[in-house]
Amino acid sequence: MSPIPPIDRRQLIQYGGAFLGTSLMATVLGNQIVSNPKVQAQTINQTPQELLNQLMEGNGRFSEQRRLKANQDFNRLTEVAQGQNPFAAILSCADSRVPPEIIFDQGLGDLFICRIAGNVATPQEVGSLEFGTLVLGAKVLMVLGHQGCGAVKAAMDGGELPGQIGSVIKKIDIGSVTDDNSNAASVTMATKANVEHQMAVLKQSSVLSELMAEEKLTIVGAYYNLGSGIVTLL
Ligand SMILES: [Zn+2]
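Here goes a summary of the coordinates provided. (Residues numbered from 1 in each chain as written. Predicted model: local features only at pLDDT ≥ 70, side-chain atom pairs only at ≥ 80, totals over all residues. Heavy atoms only, no water.)

1. Description of the pattern of salt bridges
Tallied over the entire structure, the rule returns six salt bridges. Across the pair arginine 66 and glutamate 64 runs a salt bridge, and its minimum N-O distance is 2.6 Å. Overall, arginine 66 belongs to the partly exposed group, its relative accessible area being 47%. Each of Arg76, Glu79 and Asp110 takes part in salt bridges that share partners, so that together they form one network. (Salt bridge = Lys/Arg side-chain N within 4 Å of Asp/Glu carboxyl O. Buried < 20%, exposed > 50% of the residue type's maximum accessible area, 1.4 Å probe, protein only.)

This is the structure we're talking about:
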């Protein structure tokens with residue numbers, strides 16, 4: 001049984017159709033009404049695992065300094081202006097050294113990305129990622145932590161923070177890691193624990209868990225090494 005009432009799904013489709021093109025409706029309904037079959041054809045017959053491999057191969061190209069820089073020209077821009085079908089969604093840190101399109105060697109219309117300090121799954125991020133998967137059709141959802149994450153270090157530090165910074169940091173969960181943040185190994189462990197926690201939060205979403213049950217989505221955790229450029233699946 002679908003936990004999503006039909007009326008809600010219709011409203012969601014109308015929203016997608018109004019703002020983002022009819023290819024979205026096809027993704028949700030599984031019919032043949034597509035505004036840009038060429039874009040959709042790139043992913044529609046592929047499994048979540050195949051698309052995860054595609055994403056990781058892109059990181060391999062980046063870390064080995066052989067980027068293709070595909071889908072970054074004006075032909076692609078024209079193509080995706082008609083409709084989008086990103087194959088992967090990523091919840092990553094806002095850190096300036098972790099731009100997903102570059103480190104996964106992807107281009108326009110390939111990735112649906114939510115970036116926020118500490119890659120935390122706030123209700124708003126979860127909602128965005130539900131949209132990117134259910135409506136836009138991304139079949140991979142990756143939570144991406146990274147080496148030397150300042151937000152994780154701040155969570156390990158504890159204490160008061162100015163403005164709204166604390167509202168983000170309090171969403172970070174470093175599990176049972178208690179060592180101080182001057183120990184790089186502890187920061188790494190805390191970062192990975194936080195990725196696992198945010199994945200667990202995402203899996204509480206009825207929309208995402210339904211997509212997983214239907215084998216239309218895989219949720220994975222990953223860790224980015226700032227020095228080597230290598231992303232490792234957790
Ligand atoms: Zn970070």
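More follows now that the structure is in view.
2. A look at the sheet that holds strand β5 (residues 231-233)
Overall, mixed pairing links the five strands, which are arranged β2-β1-β3-β4-β5 in an open sheet. Only two strands of the sheet have a single neighbouring strand rather than two, namely β2 (111-115) and β5. Between one strand and the next, the sheet's axes are offset by a mean angle of 25°, whatever the strand orientation. By the bridge criterion, seven bridges tie strand β3 (residues 140-146) to strand β4 (residues 218-224) in an arrangement that is parallel. What sits directly across from glycine 145, in β4, is tyrosine 223. Together, β1 (88-92), β2, β3, β4 and β5 form the strand contacts of helix α4 (residues 48-63), whose direction differs from that of β3 by roughly 35°. Set on the sheet, helix α7 (residues 123-135) makes contact with β1, β2 and β3; between it and β2 the angle comes to about 180°. (Pairing = 2+ DSSP bridges. Helix = DSSP H or I, 4+ residues; strand = E, 2+ residues; numbered from the N terminus. Axes fitted to C-alpha atoms, helices over the stretch in contact; angles between N-to-C directions. Contact = heavy atoms within 4.5 Å.)

3. Comments concerning the coordination of the zinc ion
Note on the zinc ion: its protein donors are Cys93 (SG), His146 (NE2) and Cys149 (SG). The metal-donor distances range over 2.0 to 2.3 Å. Counting along the primary sequence, the residues that act as donors to the zinc ion give the motif C-x52-H-x2-C. Of the two residues, cysteine 93 sits in the loop between β1 and α6 (100-103) while histidine 146 sits in strand β3, which places them 53 residues apart along the sequence. You can call histidine 146 buried: its relative accessible area is 0%. (Donors = N, O, S within 2.8 Å, 3.2 Å for Na, K, Ca; no water.)

4. Things to note about the side chain of aspartate 110
Relative to the helices and strands, aspartate 110 resides in the loop between α6 and β2. The exposure class assigned to aspartate 110 is buried, which follows from its relative accessible area of 5%. Within the structure, aspartate 110 has its side chain in polar contact with the backbone nitrogen of glycine 107 (distance 2.6 Å). Sequence-distant contacts of aspartate 110, defined by excluding residues within four places in its chain, comprise Asn71, Arg76, Pro86, Phe87 and Ala88. (Polar contact = N/O pair within 3.5 Å; in protein donor to acceptor, adjacent residues only side chain to side chain.)

5. Here we look at the packing of α7 against helix α11 (residues 206-213)
Where α7 meets α11, the closest approach of the two axes is 9 Å, and the angle between their N-to-C directions is 30°. In terms of crossing hand, the pair formed by α7 and α11 is left-handed. Note on element contacts: α11 touches α7 through Val207, Leu208 and Leu211, opposite Leu129, Glu130, Thr133 and Leu134. Looking at the contact of α7 with α11 residue by residue, the class counts come to five nonpolar, one polar and one charged. (Left-handed = near helix turned anticlockwise from the far one by under 90°. Nonpolar A, V, L, I, M, F, W, Y, C, P; charged D, E, K, R; others polar.)

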